[in-house]
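Next come the chains, spelled out residue by residue.
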Amino acid sequence: MFDHEVAVIGLGAMGSAVLYQLAKAGVDALGIDRFAPPHVQGSSHGDTRITRMAVGEGEDYVPFVVRSHAIWKELEAATGNSLLNECGALIVAPGDLKSSHHGKPDFLARTFAAAERFAIPHERLEAGQIRARFPHLSGITNDAIAYFEPGGGFVRPELCIETQLGEARRHGAHLKTDTTVLAIEAIDGGVRIETDGAAIRARRVVVCAGAWNAALLGAPFDDLLSVNRQVLHWFELERPESASEPVIIWMHGAGDSDYFYGFPPLPGEGAQKFATETYRETTTADAIDRQVLPAESAEFFRTHIARRVAGVGPRVVKAAACLYTMTPDRGFILDWHPRMKDVFVVSACSGHGFKHSAGIGETVAREVTRGGETELRPFTVSRFGR
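Residues numbered from 1 in each chain as written. Predicted model: local features only at pLDDT ≥ 70, side-chain atom pairs only at ≥ 80, totals over all residues. Heavy atoms only, no water.

Caption draft 1: Up close: the overall build of the protein. Looking only at helices and strands, one finds nine helices and 20 strands in the protein. Its C-alpha atoms give the protein a radius of gyration of 21 Å, within 12% of the compact-globule value 21 Å for 386 residues. The dimensions of the protein, computed from C-alpha atoms along their principal axes, are 65 × 45 × 45 Å. Each of the 386 residues in the protein was classed as buried or not, and the buried ones make up 57%. (Helix = DSSP H or I, 4+ residues; strand = E, 2+ residues; numbered from the N terminus. Rg over C-alpha atoms; globule rule 2.2 N^0.38 Å. Buried < 20%, exposed > 50% of the residue type's maximum accessible area, 1.4 Å probe, protein only.)

Right, dumping it as structure tokens:
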């Protein structure tokens with residue numbers, strides 16, 4: 001009656017992790033993507049993604065990221081691919097600790113609290129200590145406070161996706177790429193997936209389609225999920241590359257957009273990646289303007305990098321646009337569809353999902369095959385009154 005036990009729609013950060021874990025557990029699983037992942041059309045590209053285990057967005061996320069680090073290390077050992085770089089993570093904020101990030105106005109204080117609760121190794125640095133340890137950060141004010149986590153760093157998103165899909169295939173998963181899902185509907189005991197090719201019937205479906213989720217899932221998700229365009233910038237280095245730099249999140253004002261984040265230069269690249277987050281305008285996955293104008297990079301450099309980071313010049317080596325899919329409270333949705341009982345929804349990552357993805361993939365795979373995952377209760381759609 002069914003073509004597959006479980007079908008996973010969307011094979012980016014979350015979908016590739018779910019498919020890998022299903023296949024590893026021996027489940028007859030199919031992965032579907034409208035492109036050929038890893039690709040640059042969604043939210044899971046750009047060479048690097050920050051990871052940190054003390055999560056200021058909420059302590060419910062910490063078990064996911066801790067498990068993700070372990071899974072990436074297991075995958076590295078199995079494949080020889082370098083996925084996780086624990087170069088350290090530095091979060092800087094004004095001394096009152098009130099700067100907002102991802103909708104949490106006390107983000108740095110929440111980060112310290114999470115580190116203490118979960119015994120995550122970390123340091124608290126005052127302004128003088130920040131300057132001494134990281135002299136290239138030239139704009140540290142006298143009231144600055146920093147959280148430093150030596151086990152933080154970055155992951156390589158494209159390689160993480162490619163590795164998990166490769167391992168999923170090795171464990172028997174089926175893949176349909178360059179295949180667009182047009183609709184899903186509940187049928188007796190399962191789900192029918194309409195594509196631009198043949199229809200597919202699965203006992204259960206996991207939807208990880210990112211910015212395409214709202215249109216595919218219908219109510220209530222079409223009202224809950226919004227999509228924002230985000231821009232990544234790589235600026236030319238004026239100083240030698242340094243492998244010892246941590247990733248940085250620098251909150252220099254009170255609002256969610258009064259901050260930037262950056263990565264250490266990758267070997268041989270000659271440029272350093274920085275970005276911020278903007279939420280002024282919404283878009284869709286199909287309507288997004290993927291061209292980044294030079295004026296956008298110039299404004300970002302003037303606002304965030306000039307006078308704060310030494311050795312980085314204003315010349316843009318490259319730039320890229322990506323998509324954030326947001327919920328009203330900036331949290332995730334990891335829950336069964338309220339109107340289709342055999343459809344599990346993984347969205348939205350709200351701009352802070354990749355570091356959790358491997359652990360979430362493992363948890364969701366257990367949920368759709370066995371059920372009862374208590375750690376998913378904080379992420380239900382019912383919290384929005386739907």
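Now that the structure is up, let's keep going.
Caption draft 2: Summary view of the packing of aromatic side chains. Throughout the structure, instances matching the rule amount to 16 aromatic pairs. Grouping aromatic residues by their ring pairs yields a cluster made of Tyr61, Phe64, Phe332 and Phe379. Over the ring of Trp234 we find Lys318, and its NZ or CZ is 4.5 Å from the ring centre. When the ring centre of Tyr279 is taken as reference, the NZ or CZ atom of Arg330 above it lies at 4.2 Å. (Phe/Tyr/Trp six-rings, centres within 6.5 Å; stacked < 30°, edge-to-face > 60°. Lys NZ or Arg CZ within 6 Å of the ring centre and 35° of its normal.)

Caption draft 3: Focus on the side chain of His337. With respect to the helices and strands, His337 occurs in the loop between strand E19 (334–336) and strand E20 (343–346). Discounting residues that sit within four places of it in the chain, His337 has contacts with Leu217, Ala219, Phe221, Val343 and Val345. (Contact = heavy atoms within 4.5 Å.)

Caption draft 4: Region of interest: helix H5 (residues 157–170). Here H5 is 14 residues long and its end C-alpha atoms lie 20 Å apart, about the 20 Å a rise of 1.5 Å per residue gives. All of the buried residues in H5 are Pro157, Cys160, Ile161, Thr163, Gln164, Leu165, Glu167 and Ala168. Looking at the packing, one finds that the buried side of H5 touches helix H1 (13–24), strand E3 (49–51), helix H2 (62–79), strand E8 (153–155), strand E9 (174–176) and helix H9 (357–369). Gly172 sits one or two positions beyond H5 and adopts a positive phi of about 105°. (Expected span 1.5 Å × (residues − 1).)

Caption draft 5: The domain arrangement of the protein, seen in detail. If you check the domain split of the protein, you get domain 1 (2–44 + 155–223 + 326–382) and domain 2 (86–150 + 225–324). Taken together, the 23 residues of domain 1 in the interface contact 17 residues of domain 2. Of the roughly 1,500 Å² buried between domain 1 and domain 2, counting both surfaces, carbon and sulfur atoms make up 53%. If you sort the residues of domain 1 by the area they bury against domain 2, Ala211, Met326 and Arg330 come out on top, with a joint share of 39%. In this structure, the connection of domain 1 to domain 2 is made through zero salt bridges. At the surface where domain 1 touches domain 2, the tally comes to seven residue pairs in polar contact (both at pLDDT 80 or more). The element best represented in the side of domain 1 that touches domain 2 is helix H7 (residues 221–224), accounting for three residues. (Domains from an automatic or database assignment. Buried area = accessible area lost by both parts, 1.4 Å probe. Salt bridge = Lys/Arg side-chain N within 4 Å of Asp/Glu carboxyl O. Polar contact = N/O pair within 3.5 Å; in protein donor to acceptor, adjacent residues only side chain to side chain.)

Caption draft 6: View of the nonpolar core. Membership of the largest hydrophobic core comes to 75 residues, with the highest contact counts inside it found for Leu22, Trp72, Val206, Tyr261, Leu334, Phe344 and Val346. Broken down by element, this core gets its largest block of residues, seven residues, from H1. The residues that make up this core include at least three from each of domain 1 (2–44 + 155–223 + 326–382) and domain 2 (86–150 + 225–324). If near-sequence neighbours (up to four positions away) are discounted, Tyr261 is found in contact with Ile50, Leu232, Ile248, Ile249, Lys273, Phe274, Ala275, Thr276 and Tyr324. Counting 35 residues, the second-largest nonpolar core is a separate cluster that includes Val191, Val207, Leu217 and Ala348. (Core = buried A, V, L, I, M, F, W, Y, C linked by side-chain atoms within 4.5 Å.)

Caption draft 7: Layout of the pairing of strand E5 (residues 89–94). Of all six residues in E5, five are buried; the element is thus mostly enclosed. As paired strands, E5 and strand E7 (residues 144–149) are joined by six bridges and run antiparallel to one another. Within E7, the residue paired with Val92 across the bridge is Ala146. (Pairing = 2+ DSSP bridges.)

Caption draft 8: Spatial organisation of the sheet that holds E3. One open sheet accounts for three strands, arranged E3-E8-E4; its pairing is antiparallel. Both edges of this open sheet fall to E3 and strand E4 (84–85), since each of them pairs with a single strand only. Bridging between E3 and E8 involves three bridges; their strand directions are antiparallel. In the strand pairing of E8, Arg49 is matched with Val155.

Caption draft 9: The environment of Pro63, seen in detail. Residue placement: Pro63 occurs in helix H2. Residue class for Pro63 comes out partly exposed when judged on its relative accessible area of 45%. For Pro63 and Ile360, which are 297 residues apart along the polypeptide, the C-alpha to C-alpha distance reads 9.3 Å.

Caption draft 10: Just the side chain of Ser44, in detail. Counting through the fold element by element, Ser44 comes out in the loop between strand E2 (29–32) and E3. Judged by relative accessible area, Ser44 falls into the buried class, the value being 11%. For Ser44, the side chain forms a polar contact with the main-chain nitrogen of Ala13, separated by 3.2 Å.

Caption draft 11: Quick peek at the pairing of strand E11 (residues 190–195). The sheet contact formed by strand E10 (residues 181–187) and E11 spans six bridges and is antiparallel. Its bridge partner lying in E11, Val181 is registered against Thr195. Between E10 and the antiparallel strand that follows it, E11, lie two residues; Gly189 among them carries a positive phi value of about 75°. Bridging between E11 and strand E12 (residues 200–207) involves three bridges; their strand directions are antiparallel. Counterpart to Val191 in the pairing with E12 is Ala202.

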